[in-house]
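Observations on chain architecture
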Amino acid sequence: MTDWAVRVEDVSKKFRLYHERNQSLKSAILRGKTSEHEDFWALRNVSFDVAEGATHGLIGANGSGKSTLLKCLAKIYWPTSGEISYRGKMASLLEVGSGFHLELSGRENIYLNGSILGMSRKQIDSRFDEIVDFSGVEKFLDQPVKNYSSGMYVRLGFSIAINVDPDILVVDEVLSVGDEDFQRKSFDKFRDLKKAGKTVIIVTHAMSVVKDLCDTATWLRSGSVVEVGQAGAVVDAYLDSVGS
């Protein structure tokens, strides 16, 4: 594939699982031994490409390594080995509203969170009305977000992040938030991104979402790739394995 936007090459990620851990030098001296741990490989030799302008799904059961891989793609984790390459500006949407200040109003948090996500004041100004309209929190815009319901909080965070306008967007289960109307608007927004030639990588447990939105998919099991290919075929193979 010559027109890739994201390339994952032989990526592995190791964590240490501690059975007993010294909390201080004093603890180590008194116990007379070092901390005890074992290595856990959350990812092993994962490789795939995502084409420019494609929407790519990451699927698999809980514990398969999807979230670890997504955090490596979002540069929250660094692979123990292997490499991830990008062509274009990458933004991640993993923890919606994680940059909010609870004492500030919705209006103030739009500017705060937008700047954290890399938007300039001018960019936020130009997209402010769209952010507010999409979130549906206009009546509460000047109230502290600590008074928002969880749904309002998530909708505003998602509305800000989706307006960052990256070339590559890495997303974790965002379509599971909000009510039916908001989920519909979210689907429409992802389709708009697709029409604009943006590349999207999404983790989801909703196979209908993968079939509806994604061009291609990667199926992970126990940290390793089982299958990479067209989304419909990969989803069918995964569902067959779950049902067998």
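All figures in this text were calculated on a predicted structure; none of them were measured in a lab. (Residues numbered from 1 in each chain as written. Predicted model: local features only at pLDDT ≥ 70, side-chain atom pairs only at ≥ 80, totals over all residues. Heavy atoms only, no water.)

**Comments concerning the layout of surface pockets**
This is how it is decided: Lining residues are those with an atom within 4 Å of a point, where the points come from a 1 Å grid over the protein atoms alone and group into cavities, where a 1.4 Å probe fits but cannot get out, or pockets, open sets with protein on both sides within 12 Å along at least five of seven lines. Grid points are joined across faces, edges and corners, and a volume is the space filled by probe spheres set on the points. Only DSSP runs of H or I with at least four residues qualify as helices, and only runs of E with at least two residues qualify as strands; both kinds are numbered from the N terminus onward. Following the grouping adopted for this structure description, the nonpolar residues are Ala, Val, Leu, Ile, Met, Phe, Trp, Tyr, Cys and Pro, the charged ones are Asp, Glu, Lys and Arg, and the polar ones are all others, Gly among them.
Volume-wise, the second largest pocket comes out at about 160 Å³. Going through the elements one at a time, β2 (36-51) and α2 (66-73) are the ones with two or more residues in the lining of the second largest pocket. In the lining of the second largest pocket, the residues fall into 4 nonpolar, 9 polar and 3 charged.

**Things to note about the nonpolar core**
Which entries qualify depends on this criterion: Joining through side-chain atoms within 4.5 Å is the link that ties buried Ala, Val, Leu, Ile, Met, Phe, Trp, Tyr and Cys residues into a set, and such a set is a nonpolar core. Per-residue accessibility, obtained with a 1.4 Å probe over protein chains only, is compared with the maximum for each type, and a residue is labelled buried under 20%, exposed over 50%, and partly exposed between these values.
Core analysis: the largest hydrophobic core is formed by 42 residues, its most contacted members being Ile-59, Ile-110, Leu-156, Phe-158, Leu-169, Phe-190 and Val-210. Residues Ala-51, Leu-58, Cys-72 and Val-203 belong to the second largest nonpolar core, which totals 23 residues.

**A few points about helix α5 (residues 150-161)**
An α-helical turn contains 3.6 residues, so any two residues separated by three or four positions project in the same direction. Inclusion rule: Given the number of residues in a helix, its expected span is that number minus one, multiplied by 1.5 Å. Note on definitions: a residue-residue contact is assigned when non-hydrogen atoms from the two residues lie within 4.5 Å.
Between its first and last C-alpha atoms α5 spans 17 Å; for 12 residues at 1.5 Å apiece the expected length is 16 Å, and the two agree. Among the residues of α5, Met-152, Arg-155, Leu-156, Gly-157, Phe-158, Ser-159, Ile-160 and Ala-161 are the ones counted as buried. Where α5 is buried, its residues touch β5 (90-93), α3 (106-116), α4 (121-135) and α6 (180-195).

**Comments concerning the pairing of strand β9 (residues 224-230)**
As a reminder, the rule being used: For two strands to be treated as a pair, DSSP must find at least two bridges joining them.
Relative to β9, strand β8 (residues 216-221) runs antiparallel, the two being bridged by 6 bridges. Bridge pairing in β9 links Ala-217 to Gly-229. Linkage of β8 to β9, two consecutive antiparallel strands, is achieved through a turn of 2 residues, within which Ser-222 is found at a positive phi near 55°.

**A word on the pattern of salt bridges**
Which entries qualify depends on this criterion: Within this document, salt bridges are pairs made up of a side-chain nitrogen of Lys or Arg and a carboxyl oxygen of Asp or Glu, the two lying within 4 Å of each other.
A full pass over the atoms with the stated rule returns 14 salt bridges. Across the pair Asp-188 and Arg-184 runs a salt bridge, and its minimum N-O distance is 3.5 Å. Taken together, the residues span about one helical turn, with Asp-188 and Arg-184 both in helix α6 at a distance of 4 residues. For Arg-184, a relative accessible area of 45% gives the class partly exposed. Across the pair Arg-191 and Asp-188 runs a salt bridge, and its minimum N-O distance is 3.5 Å. In this pair, Arg-191 and Asp-188 are both assigned in helix α6, 3 residues apart and thus about one turn of the helix distant. Overlapping salt bridges, with partners in common, bring together Asp-181, Arg-184, Asp-188, Arg-191 and Asp-212 in one network.

**Here we look at the sheet that holds β8**
Counted only if it meets this: Only the stretch in contact is used when fitting a helix axis, every axis being a line fitted to C-alpha atoms; angles between N-to-C directions are given from 0 to 180 degrees.
Ordered in space as β5-β6-β7-β3-β8-β9, the 6 strands form an open sheet in which the pairing is mixed. Of all the strands in the sheet, the pair left with one neighbour each is β5 and β9. The average angle at which neighbouring strand axes cross in this sheet is 15°, direction not considered. Looking at chain direction, strand β3 (residues 55-59) and β8 are connected through 4 bridges and run parallel. For His-56, the partnering residue across the bridge sits in β8 and is Thr-216. Of the strands in this sheet, β3, β5, β6 (168-172), β7 (199-203) and β8 are in contact with α2, which crosses β3 at around 140°. Here α6 sits on the sheet in contact with β3, β6 and β7, set at roughly 155° to β6.

**Observations concerning the side chain of Lys-189**
Take Lys-189: it is sitting in helix α6. With a relative accessible area of 14%, Lys-189 lands in the buried category. Apart from the residues lying within four places of it in its own chain, the contact partners of Lys-189 are Glu-130, Phe-134, Ile-162 and Asn-163.

**Quick notes on the packing of aromatic side chains**
Inclusion rule: Within 6.5 Å between ring centres, the rings of Phe, Tyr and Trp (the latter by its six-membered ring) count as paired, and their orientation is classed by plane angle as stacked under 30 degrees, edge-to-face over 60, tilted in between.
Taken as a whole and judged by the stated rule, the model has 8 aromatic pairs. Pairing Phe-15 with Tyr-77 gives two aromatic rings, centres 5.3 Å apart and planes at 70°, and the pair type is edge-to-face. Here Phe-15, found in strand β1 (residues 4-20), pairs with Tyr-77, found in the loop between α2 and β4 (81-86); they are 62 residues apart in sequence, far enough to count as distant. Since its relative accessible area comes to 24%, Phe-15 is described here as partly exposed. Classification of Tyr-77 by relative accessible area gives partly exposed; the value is 25%. Centre to centre, the rings of Trp-219 and Tyr-238 are 5.6 Å apart; their planes meet at 75°, and the pair counts as edge-to-face. Separated by 19 residues along the polypeptide, Trp-219 in strand β8 and Tyr-238 in helix α8 (residues 231-243) bring together distant segments of the chain. Three or more aromatic residues joined by ring pairs make a cluster, and in this case those are Phe-134, Phe-158, Phe-182 and Phe-190.

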